[in-house]
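Letter by letter, the chains look like this.
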There are 2 protein chains.
Amino acid sequence: MQIAIVLFDRFTALDAVGPYETLGRLPDAELVFVAEETGPVRSDTGALALMADRTLAEVPAPDVVVVPGGPGQFEQMENETLLAWLRAADRTSTWTTSVCTGSLILAGAGLLEGRRATSHWLALDFLKQYGAEPTGERVVFDGKYVTAAGVSSGIDMGLTLLGRIAGDEHAQAVQLMTEYDPQPPYDAGAPHKAPAHLVEEFRANSRFALM
Amino acid sequence: MQIAIVLFDRFTALDAVGPYETLGRLPDAELVFVAEETGPVRSDTGALALMADRTLAEVPAPDVVVVPGGPGQFEQMENETLLAWLRAADRTSTWTTSVCTGSLILAGAGLLEGRRATSHWLALDFLKQYGAEPTGERVVFDGKYVTAAGVSSGIDMGLTLLGRIAGDEHAQAVQLMTEYDPQPPYDAGAPHKAPAHLVEEFRANSRFALM
């Protein structure tokens, strides 16, 4: 089984590394980071680059496609090279997945029309413009399409998908080895839980607010 | 404020990316990935490389030091270049931190003697050999020394430290933007919660079991 995680300029690193650290522990799977060109790809903060080891062209038919999000997603929604690759890869994939605003890239490729999906909470309504049906859930399965909410939700998505592919016990073993027993110091990880003025500020300053 | 995250061959990627994605959102901070040499550094699975943008020598006195863990930690505990850098950086750091078995590297540098600390659950007892006092907590503060448990706990550590440095509201804002509202599909993320036979198998096959 081949798992391809797509990188692009100004992606959010944890969007990609959550699924990597969980799904990547699938026995006998080949996980590969892909981008238009090989070499370092910078994340949204500029302080981190992950290496793309293979080009999109070199990995035409992965079994699992993972698309992260991040501010660079806006440009990717108009990147015909990536969109065409996604449409082609999706024709033979077993699972087509995204984390955060990666779902907007899938939607932009026309892959989420009529499907239940999720995204970063700030981008959720934007999915409707592409005919998808946004939900407030953290991990959404609709057939072979699996979308996750913002950034850290890729860990939950990765474990859930790992359970479907390799069985509950294998996923539990990965949860145990990654010691994923979360104890956040605050309970502010969703818009209905966080201080209301923070949610308002983010909404007012979001690029999505202009659309 | 300068934050240095140390990379070394066969580190665990999420150990480093959890603190990056949280602490790296500190306003006016410079976060930099460092290693003995600049260039790509491969993670434990071999499927991912993160770029080290600066050498250890180029970043002699960061305010915050973050040491991830991973199977490569064993060699690093005998790497005098890294140990000497850690001892020197620790003399002027505001916070000296680790995730997972990164605490063993700090311990190997002599920095955790007589201190309360934590590590990956499989490595916890091993801390005693270096005079540290292992705890079962997920994030442990002892003065300026902050250690986190296995892999994913670096997210909790990063948010907690961010709160100390920049205030609760800033940390809550980062939690909201990374949508860190964890919903693991299983409750198997700690040895007292996971199926007992999985815990036994990992203990029996661990390199720590031989020590």
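Reading the values: rules and limits
- Once a new chain begins, its residue numbering starts again from 1 and follows that chain's sequence as written.
- To label them, take the chains in the order written and letter them from A, then take the ligands in the order written and number them from 1.
- Whole-chain, interface and lining totals are the exception, using all residues; otherwise, since this is a predicted model, local features are given only for residues with pLDDT of at least 70 and side-chain atom pairs are given and counted only at 80 or more.
- Only heavy atoms go into the side-chain values, all of them from the structure, while hydrogens and water stay out.
- As a per-residue measure, pLDDT tells how confident the predictor is, with possible values from 0 to 100.
- A carboxyl oxygen of Asp or Glu within 4 Å of a side-chain nitrogen of Lys or Arg is what we treat as a salt bridge.
- Burial status follows relative accessibility: with a 1.4 Å probe on protein chains alone, a residue under 20% of its type maximum counts as buried, one over 50% as exposed, and anything between as partly exposed.
- Our superposition of the copies is a least-squares fit, built on the C-alpha atoms of residues whose pLDDT is at least 70 in both.
- Whether two residues touch is decided by their heavy atoms; if any such pair falls within 4.5 Å, the residues are in contact.
- The helix and strand labels rest on DSSP assignments: H or I over at least four residues marks a helix, E over at least two residues marks a strand, and numbering proceeds from the N terminus.
- One requirement defines pairing of two strands: DSSP has to find at least two bridges between them.

By the naming in an unreviewed UniProt entry, chain A goes by DJ-1/PfpI family protein and is assigned to Streptomyces heilongjiangensis.

Here we come to the confidence of the model for chain A. Counting all residues, the mean pLDDT for chain A is 96, and 99% of those residues have values of 70 or more. Interface predicted TM-score (ipTM) for the complex: 0.97; the corresponding pTM is 0.97.

Turning next to the pattern of salt bridges. For the coordinates displayed, the defined rule picks out 30 salt bridges over all chains. Salt-bridge contacts for Asp125 of chain A lead to Lys128 of chain A; the nearest nitrogen and oxygen are separated by 3.7 Å. Neither Asp125 of chain A nor Lys128 of chain A differs from the other in exposure class; each is exposed. Residue Glu58 of chain B pairs with Arg54 of chain B through a salt bridge whose shortest N-O separation is 3.8 Å. One connected set of salt bridges, linked through shared partners, spans Arg10, Glu75 and Arg207 of chain A.

It is worth spelling out the relation of the copies chain A and chain B at this point. It takes a turn of 180° to lay chain A on chain B, together with a shift of 0.0 Å along the axis; the resulting RMSD is 0.0 Å. Look at the turn and shift together and you get a two-fold axis relating the two. Closest to the rotation axis within chain A is the C-alpha of Leu50 of chain A, separated from it by 2.3 Å. The fraction of interface residues of chain A whose copies in chain B are also interface residues reaches 100%, indicating that both copies meet through the same surface.

Quick look at the environment of Ala188 of chain A now. On the secondary structure map, Ala188 of chain A appears in the loop between α6 (168–177) and α7 (196–205). Placed 11 residues apart in sequence, Ala188 of chain A and Val199 of chain A show a C-alpha to C-alpha distance of 10.0 Å. If sequence neighbours within four positions are ignored, Ala188 of chain A has contacts with Lys193, Ala194 and Pro195 of chain A together with Gln172, Gln175 and Leu176 of chain B.

All names here are of chain B. The sheet contact formed by strand β10 (residues 139–142) and strand β11 (residues 145–148) spans 4 bridges and is antiparallel. Within the sheet, the bridge partner assigned to Val140 lies in β11 and is Thr147. Counted between consecutive antiparallel strands, the loop separating β10 from β11 contains 2 residues, among which Gly143 sits at a positive phi close to 60°.

Bringing unusual backbone geometry into the picture now. The residue Val151 of chain A is not glycine, and still its phi comes out positive at about 30°. Here Val151 of chain A is to be found in the loop between β11 (145–148) and α5 (153–166). Assessed through its relative accessible area of 4%, Val151 of chain A is described here as buried. With phi around 45°, Glu179 of chain B is a residue other than glycine that occupies positive phi space. On the secondary structure map, Glu179 of chain B appears in the loop between α6 (168–177) and α7 (196–205).

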